[in-house]
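Now for the letters of each chain:
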Amino acid sequence: MAYSSQIADTLRELIASTGVIATFEDKGSVGVFTIRMKLRCRMQSAQMLVLVREDSFSTLTTLPLTADTDHRLAVAEYLTRANFNLRNGNFELNMNDGEIRFKTYVHVGSGTTDLSAARQAIFLPFLMIDRFGDGLIDVLFGFRTPREAYEAITASI
């Protein structure tokens, strides 16, 4: 199964129109865009992979920090609190190695790629990391409990 060149071309045009710099790699069954974005939160930056498949694409935006073993449960609680009211996309935590990422998914099917959905799927992860990143850092380093960090972030929204 090969990836959709129509989806890849639409995403390429969308990304280019925003001025964001991305690289693209053809990996046979999957097309992969790599985007690195500067953030406003203390996290400072994040890297996104946009995985283009035959009838869909997904984004995996990894954070530059991982959760150490001692703080993984607290990070999991914080991310669960952050995820609770999100309508599109979600934070994930790999409990084995501490990797933290934000994931989105868009099903295109055999039609054309909806530009609004594509724009949201690509930029939403960076916005969510900007929104919740400072609280995450507080939890990662033990400065606040997950509840305190979440409440501090949501109080400022």
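Criteria and thresholds
- Residues numbered from 1 in each chain as written.
- Predicted model: local features only at pLDDT ≥ 70, side-chain atom pairs only at ≥ 80, totals over all residues.
- Heavy atoms only, no water.
- Helix = DSSP H or I, 4+ residues; strand = E, 2+ residues; numbered from the N terminus.
- Polar contact = N/O pair within 3.5 Å; in protein donor to acceptor, adjacent residues only side chain to side chain.
- Contact = heavy atoms within 4.5 Å.
- Axes fitted to C-alpha atoms, helices over the stretch in contact; angles between N-to-C directions.
- Left-handed = near helix turned anticlockwise from the far one by under 90°.
- Nonpolar A, V, L, I, M, F, W, Y, C, P; charged D, E, K, R; others polar.

Student: Which parts of the structure should I look at to understand the side chain of Glu 92?
Tutor: Turning to its location among the elements, Glu 92 is positioned in strand β5 (residues 90-93). Side-chain polar atoms of Glu 92 contact the side chain of Arg 101, separated by 2.6 Å. Polar contacts involving the side chain of Glu 92 include one to the side chain of Lys 103, which spans 2.9 Å. Other than its neighbours up to four places away in sequence, Glu 92 contacts Leu 79, Glu 99, Ile 100, Arg 101 and Lys 103.

Student: Looking at this structure, how should I read the packing of helix α1 (residues 5-18) against helix α3 (residues 115-140)?
Tutor: When two helices pack together, their arrangement is given by the angle between their axes and by how far apart the axes lie. Contact geometry for α1 and α3: axes closest at 11 Å, N-to-C directions at 65°. When you trace α1 past α3, the crossing you get is right-handed. Residues Thr 10, Leu 11, Leu 14, Ile 15 and Thr 18 of α1 pack against Leu 115, Ala 118, Arg 119, Ile 122 and Phe 123 of α3. Looking at side-chain class alone, the contact of α1 with α3 contains seven nonpolar, two polar and one charged residues.

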